[in-house]
Amino acid sequence: MMFHVSEEHLMDYAAGTASEPVSLLVATHLALCPECRARVADYERIGGAMLADSQPADLTDAALNAVLARLDEEPADLPAHKPAVRYDEQTRRILPEPLRSYLGDNLSALPWRNVTRSLQEIELPIGDSGYRTRLLRIKAGQAMPEHTHGGSEMTLVLAGGFSDDTGHYGRGDVSIADDELVHTPVADAGEDCICLAVTDAPLKLTGPVGRIINLFMRY
Ligand SMILES: [Zn+2]
């Protein structure tokens, strides 16, 4: 593997301070990358040692009461019970945990939406505003429409691969693009390229002209 998530994201992940979309992408990369797994284990060890050294802060009565009141609250509603999914061979091969359980269905059964003739996507319902989290499928051998980023984008390859000006990305690799990069990824021939992409929400233009521009800015 050549391309990893950033050191900063590994540290945030180890400290438990990464946002949910970033955590999902980092955790899925870790499933495929022993090198980054070892780094996270190191950070967790360092973090644990620092916690053990620090003095516990005294809880004020008010803070203590607030904590106790929380414990008395009813637990949040659990998601509706879904029958266990039997994942097919393709889904198990392409989607590592925790992403597989997060999506909760076979790849072929997921609600893919056609964006262009060569690109399909599924928007993941992650309730963390400021991010878009999508599964992308680029047809084998096809180029993605040229696009710039309204924010930074991390793209983790799960199947197939793609190339752009910055290199070739295969399964497990993470491409990191900032808002200045204009790139036209081209999927490898032979197998559709499936990726998990986490993007900082792009600037949304409003008004009739802005809405039309937004249509073109999405990719
Ligand atoms: Zn890595």
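Named according to an unreviewed UniProt entry, the protein is Putative transcriptional regulator originating from Oceanibaculum indicum.

This part takes up the sheet that holds strand β8 (residues 186-187). As summarised here, the arrangement of the three strands in space is β6-β5-β8, forming an open sheet in which the pairing is antiparallel. The sheet is open, and its two borders are formed by β6 (167-169) and β8, each paired with just one other strand. Across two bridges, the pairing between strand β5 (residues 162-164) and β8 is antiparallel. Across the sheet, the residue bridging to Ser-163 is Val-186, located in β8.

The full count for this structure, using the stated rule, is nine salt bridges. Across the pair Glu-121 and Arg-113 runs a salt bridge, and its minimum N-O distance is 2.8 Å. Of the residues examined, Arg-113 reaches a relative accessible area of 39% and is grouped as partly exposed. Where Glu-153 meets Arg-134, a salt bridge forms, and the shortest distance between an N and an O atom there is 3.1 Å. Of this pair, Glu-153 sits in strand β4 (residues 153-159) while Arg-134 sits in strand β3 (residues 131-138), and the two are 19 residues apart along the sequence. Note on accessibility: Glu-153 and Arg-134 belong to one class, buried.

Let's shift gears to the coordination of the zinc ion. Here the zinc ion is held by the protein donor atoms His-4 (ND1), His-29 (NE2), Cys-33 (SG) and Cys-36 (SG), which lie 2.1 to 2.3 Å from it. Geometry at the zinc ion is tetrahedral, judged from its four donor atoms and the angles of 99 to 120 degrees they form at the metal. Along the chain, the residues donating to the zinc ion are arranged with the sequence spacing H-x24-H-x3-C-x2-C. Separated by 29 residues along the polypeptide, His-4 in the segment before α1 (7-15) and Cys-33 in the loop between α2 (20-32) and α3 (34-53) bring together distant segments of the chain. Classification of His-4 as partly exposed rests on a relative accessible area of 21%. On the basis of relative accessibility, which here comes to 2%, the residue Cys-33 falls in the buried class.

The next subject is the sheet that holds β4. Within the open sheet, the six strands sit side by side as β1-β2-β3-β9-β4-β7. Their pairing is antiparallel. Because the sheet does not close on itself, it has two edges, and the strands there are β1 (113-116) and β7 (174-177). The average angle at which neighbouring strand axes cross in this sheet is 30 degrees, direction not considered. Strand direction decides the pairing type here: β4 and β7, joined by four bridges, are antiparallel. Looking at the pairing, Leu-156 lines up with Val-174 of β7. Sitting on the sheet, α2 touches β3, β4, β7 and β9 (193-200), and the angle it makes with β4 is about 40 degrees.

The topology assignment puts His-29 in helix α2. At 2.8 Å, the side chain of His-29 forms a polar contact with the backbone oxygen of Gly-172.

Criteria and cut-off values
- Every residue gets a number counted from 1 within its own chain, in the order that chain's sequence is written.
- Local features in a predicted model are, by the rule used here, given only for residues with pLDDT of at least 70; side-chain atom pairs are given and counted only at 80 or more, and totals for whole chains, interfaces and linings are based on all residues.
- As a rule here, side-chain values come from all non-hydrogen atoms in the structure, and water together with hydrogens is ignored.
- Note on pairing: DSSP must find at least two bridges between two strands before they are called paired.
- Numbering of helices and strands runs from the N terminus; a helix is a DSSP stretch of H or I covering at least four residues, while a strand is a stretch of E covering at least two.
- Each salt bridge in this description consists of a side-chain nitrogen of Lys or Arg and a carboxyl oxygen of Asp or Glu lying within 4 Å of one another.
- Burial classes: relative accessible area under 20% of the type maximum marks a residue as buried, over 50% as exposed, and values in between as partly exposed (1.4 Å probe, protein chains only).
- A donor here means an N, O or S atom no more than 2.8 Å from the metal, or no more than 3.2 Å when the metal is Na, K or Ca. Since water is not included, a site may seem to lack partners.
- Between 85 and 135 degrees for all angles marks four donors as tetrahedral; over 155 degrees for opposite donors together with 65 to 115 for all other angles marks four donors as square planar and six as octahedral; every other arrangement is irregular.
- Axis angles are defined between N-to-C directions and span 0 to 180 degrees, where every axis is a line fitted to C-alpha atoms and, for a helix, only to the segment in contact.
- Contacts between residues were defined by any pair of non-hydrogen atoms, one from each residue, lying within 4.5 Å.
- Counted as a polar contact is a pair of N or O atoms within 3.5 Å, where, for protein atoms, one must be capable of donating a hydrogen and the other of accepting one, and residues adjacent in sequence contribute only when both atoms are in side chains.

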